[in-house]
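What the coordinates show
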Amino acid sequence: MNVYRGLIAMLVTILPVGAASSASQLPDGEPAPGISRALAAWRATQYRDLRYVLKLELAPPFERLRGALAIDVTLGAPEADLVLDWRPGEGATAWDLRVNGVTPEAPTTVQDHLVVPKELLHAGENRIELRLDSPIRPSGTAVTHFRDGQDQADYIYTLLVPADASSVFPCFDQPDLKARFDLTVTAPADWRVIGNAPEVENSSSGAMATTRFAATDPISTYLFAFAAGPFAELKDQASGTRLFVRRSRLERARQEADEVFRLTRHSAAYFADYFAQPFPFAKYDLVLVPEFAYGGMEHAGATFLREDSVLFPFQPAAADRLRRAQLIFHETAHQWFGDLVTMRWFDGLWLKEGFANFMAAKATAALLPEFDAWNAFRALKTAAYRTDATRGTTPIWQSLPNLAGAKSAYGNIVYSKAPAVLRQAEFFLGEEAFRSAVRELTARHAFRTADWSDLVGAFERASGRSLQGWADAWVKRRGLPAVRVSWGLDAEGRLSEVTLSQRDALGEGGLWPMRVQVVVVYLDGDVERLPVTLEAASVRILSLEGRPAPRFIFANDGDFGYGLFLLDDRSRAALLAEIGEVREPFLRALLWDALWESVREAELAPRDFLEVALRELPRERDEVTVAGILARMQTAFRWYLSDAQQAALAPRMEAALRAGMLGAPAAGLRITCFRALAAVAASGEGRADLERLLSGQQAIPGVTLSSNDRFRIVRRLLTLDVAGAAQLLAAQSQADQTDDGRRQAYAAGAARSDPATKREYFSAFLDDPRLAERWIEESLAPFNAVEQETLTLPYLEPALRALPELKRRRKIFFVNDWLAAFIGGQRSARALGVVQRFVSQPALEPDLRLKLLEAVDGLERTVKIRARYSE
């Protein structure tokens, strides 16, 4: 090992956070891949005034990104080598390195790092220059190439989160080393290039053109981005926001642009007022990216959005329009919380994502009164409960010693629990104190970074309260409380011993300080609400004792609390009989949640839930609530019922969905019922319904079936192995030759029930480098249709064995989706045994073990519920 390798080893492995900066105080050690917290903490004290100057070229056949990089960094007296992050193992190369004009004798790369000898450095500003060459591929790289199947146009875009910038160019790939980026891109002359900052110069030379951008404000490497291709541009004259879309989708984008601009403009104004900060960056662009890996990514000044999340490939229901609005609000909110104020390290991921989702809900409530924002927020929280009640859950804040493990931090805890805890904090502290704290945090840390302790400190200053115990419970403890109200009646039939209690759902002894609103609905129809603070295992609600006998009591009216809010036996019985009589739509939605939790806790038979749902479905009018009820009906029917129970109930269930599809008062409700029918149709008549819809013999009033809908029908018919389904797939594939159609056709084909098809798809999932992640993700559910569990069971263990490689190669959410599909497609004790044996392996990576324990919880519940209630 040469001297440079020795120094990098010291830095990367063992320097504790807050350690002294002198390299001579660091003991020897072997370097680790990735970016350690120790290295990051050391560099944050040593490096400042960063600037990246990137001059890049995109030329046919668009397989490599080539160019030059200069890095300016200011140092004190250099006491150690300068350590850049660099992953040439991903297919990238760098050469012609110069440091302050001097070429090192032997540049050293070691374990994902490029080391600059300290002898070439000096106090003050230093410049590192090099040439670079990075891969561009359809899948699996940080720079992605998409070819439009309609006009053969090429599009290139970056996605560098969480720490993939260092697979494209050497850099300091940690969020707290913000830098200014100077970007120049040479590309085909008919292309548009979009970056974080405004264009300042554009010059052409023959077939190529060069676009130079202004220097950005200080941003983290994961927020740097560019997109390039023959994009068409639409502009909002009122705000200056630009919308970029591939040219083959321009006319479709024109149809949606006014609404997209309106949502963006109004939400930006709302956030500027809420945070008491104007829009932070010089411009704001929206880029619609086909087959984008996520719904959106909040690059500073240039948000990338998945194209079909904005340009619906089907007739949208209200829930679809709401999801689009909240996506736009989420990414716009990030421009303040995430981009202006950035997490210090990726263990603070929950701060930016939690605030973005919480602020999206607040913006929806303020700007879109036609939607029930908090009903949608309730549905978001459900995802958190599904994770937090499992042995695979984590605290909101989880130690992250190395950014190589950052992908595992993403999931329901960050995106769903964190905003729920922020809403609980607002209710706990009061809206005025909460907002004051957020404004202080934003002002104090603008263009810098913050962590959760900064937020808690702001909460304490704004409220005048000590919140360390609150923060420890909600931020550092995993899991959630199971909360119940228990009550009795005295000899005169009045309430007695009314108690609100909590227990740790995981049995780990946790308690959570929480403020909730308890609702009591009396037999005469009167409703009483009262806030209750629960800071111990239980509290008596003395103000209710002596009141008349209630119809039911529920502990989380308004949905301010976070936990499993379970029903007592008498309240559950009352709601089974008359949940449709609850007049308030939001409370009724919460009570449907509580009934479903009774099913998941094996306290209520799935068949009983289905009977109530079938009775009440025609009366329900809220589209978000209906979508939730139908999703639970599908789970109960497809996963929890035995084959005999399914056969007995299928005609009634199909009839109810058919009636809703044809006769519900709103088109959105009819669409939602159609989608449910396409998911559960099982009887001969149900299959015939789908075939009639596909052939045009049956129409849904006011609804035009999209190609997406038609592929949905074909997929179900393939899953059921209906005669002629393969021909229907071929016909629909021929009818839709667009990129979306080809992807949908590929995904639907995964539902075919022959062994050869399953082998072919599974091999492609793992080994075909040309297969885009979006295609794989959409194929996972049809491949693992629960009706084919016997056919797919042999793939369960190989799918688990592939996890370490998938974690390394694939984007952030891929492993979560993979496990949800392969484990979620099973119902048997035999499949449960396969997962349990795999998860018990001592060598399994800890983060993957948690992912498995999270995913297997649903299978454990399925096996338990079927054993108890299946006939």
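The structure we're discussing is the one just above.
Residues numbered from 1 in each chain as written. Predicted model: local features only at pLDDT ≥ 70, side-chain atom pairs only at ≥ 80, totals over all residues. Heavy atoms only, no water.

Focus: the packing of helix α21 (residues 739-749) against helix α23 (residues 773-783)
Heads up, the condition is: Angles here are taken between N-to-C directions and fall from 0 to 180 degrees, while the axes themselves are lines fitted to C-alpha atoms, restricted in helices to the stretch in contact. Helix and strand assignments follow DSSP, with helices taken as H or I runs no shorter than four residues and strands as E runs no shorter than two, numbered in order from the N terminus. Helix crossings get a hand from a simple test, with the near helix turned counterclockwise from the far one by less than a right angle marking a left-handed crossing and a clockwise turn marking a right-handed one. Throughout, a contact is declared for two residues whenever any of their heavy atoms are within 4.5 Å. In this classification, the charged set is Asp, Glu, Lys and Arg, the nonpolar set is Ala, Val, Leu, Ile, Met, Phe, Trp, Tyr, Cys and Pro, and all remaining amino acids, among them Gly, are polar.
Closest axis-to-axis distance for the α21/α23 pair is 8 Å, and the angle between their directions is 35 degrees. Read as a crossing pair, α21 and α23 show a hand that is right-handed. Every residue of α23 that contacts α21 at Arg742, Arg743, Gln744, Tyr746 and Ala747 is listed here: Arg774, Trp775, Glu778, Ser779 and Pro782. For the contact of α21 with α23, the class distribution of residues is four nonpolar, two polar and four charged.

Quick notes on the nonpolar core
Selection rule: What makes a nonpolar core is a set of buried Ala, Val, Leu, Ile, Met, Phe, Trp, Tyr and Cys residues whose side-chain atoms join them at distances within 4.5 Å. Each residue is assigned to one of three classes by its accessible area relative to the maximum for its type, calculated with a 1.4 Å probe on protein chains only: buried under 20%, partly exposed between the two thresholds, exposed over 50%.
Of all hydrophobic cores here, the largest spans 261 residues; its most connected members are Leu58, Leu82, Phe169 and Phe346. In terms of nonpolar packing, the next biggest core, distinct from the first, is built from 40 residues, Leu780, Phe783, Val834 and Leu859 among them.

A closer look at the sheet that holds strand β4 (residues 93-99)
Pairing between the strands of a sheet is mediated by backbone hydrogen bonds and can be parallel or antiparallel. Just so we agree on the cut-off: DSSP bridges decide pairing: two strands pair if at least two such bridges lie between them.
Ordered in space as β4-β7-β2-β1-β10-β13-β12, the seven strands form an open sheet in which the pairing is mixed. Because the sheet does not close on itself, it has two edges, and the strands there are β4 and β12 (199-205). With strand direction ignored, the average angle separating the axes of adjacent strands in the sheet is 15 degrees. Strand direction decides the pairing type here: strand β1 (residues 48-57) and strand β10 (residues 179-188), joined by eight bridges, are parallel. Bridging from a neighbouring strand, Val53 pairs with Asp182 of β10.

With respect to the sheet that holds strand β11 (residues 192-195)
The antiparallel open sheet is built from four strands, whose spatial order is β8-β9-β14-β11. Both outer strands of the open sheet, β8 (143-147) and β11, are each paired with one neighbouring strand and no more. Pairs of neighbouring strands in the sheet enclose a mean axial angle of 10 degrees, with direction left out of account. In the sheet, β11 pairs with strand β14 (residues 226-229) via four bridges, with the strands oriented antiparallel. Paired with Gly195 across the strands is Phe226, a residue of β14.

Notes on the pairing of β12
Where β12 and strand β13 (residues 208-213) come together, six bridges link them in antiparallel fashion. Its bridge partner lying in β13, Ser204 is registered against Ala209.

Structural notes on the environment of Arg551
Under the convention used in this document: Here a polar contact means two N or O atoms within 3.5 Å. Within protein one must be a hydrogen donor candidate and the other an acceptor candidate, and residues neighboring in sequence count only if both atoms are side-chain atoms.
Its location among the elements puts Arg551 in strand β27 (residues 550-554). Its relative accessible area of 25% is what places Arg551 among the partly exposed residues. For Arg551 and Gly229, which are 322 residues apart along the polypeptide, the C-alpha to C-alpha distance reads 62 Å. With residues near it in sequence (within four places) discarded, Arg551 still touches Val521, Tyr522, Leu523, Gly525, Arg570, Ser571, Ala574 and Glu578. Of the polar contacts made by the side chain of Arg551, one reaches the side chain of Glu578; its length is 2.3 Å.

Quick notes on helix α17 (residues 667-680)
Definition in use: Under the convention used throughout, the expected extent of a helix is 1.5 Å for every residue step, that is, one less than its residue count.
With 14 residues, α17 ought to run about 20 Å at 1.5 Å a step, and its terminal C-alpha atoms sit 20 Å apart, in line with that. The element α17 is extensively covered by neighbouring structure, given that 13 of its 14 residues are classed as buried.

Digging into helix α16 (residues 643-663)
The test is simple: What we call the bend at a residue is the angle made by axes fitted to the seven residues finishing there and the seven residues starting there.
For α16, which comprises 21 residues, the first-to-last C-alpha distance of 29 Å matches the rise-based estimate of 30 Å (1.5 Å per residue) to within 8%. The sharpest bend along α16 measures roughly 45 degrees and falls at Leu649, with the proline Pro651 sitting one to four residues further on. Of the surrounding elements, those touching the buried residues of α16 are α14 (606-616), α15 (623-640), α17, α18 (684-695) and α29 (846-869).

Let's talk about empty space enclosed by the protein
Under the convention used in this document: With a 1 Å grid spanning the protein atoms alone, the term cavity applies to any set of points in which a 1.4 Å probe fits but cannot get out, the term pocket to an open set with protein on both sides within 12 Å along at least five of seven lines, and the term lining residue to any residue with an atom within 4 Å of a point. Grid points are joined across faces, edges and corners, and a volume is the space filled by probe spheres set on the points.
For the structure shown, the criterion picks out nine cavities of 30 Å³ or more. In this structure, the largest cavity spans a volume of roughly 140 Å³. Lining the largest cavity we find 15 residues, and of these Tyr385, Gly563, Phe565, Leu590 and Asp593 sit closest to its centre. At the level of elements, α7 (373-388), β28 (564-566) and α13 (585-600) are the ones that each hand at least two residues to the lining of the largest cavity. For the lining of the largest cavity, the per-class residue count stands at six nonpolar, three polar and six charged. As a volume, the second largest cavity reaches approximately 80 Å³. Taken together, Trp42, Gln46, Tyr47, Leu75, Gly76, Ala77, Pro78, Glu79, Ala80, Asp81, Leu82 and Leu121 make up the full set of residues lining the second largest cavity.

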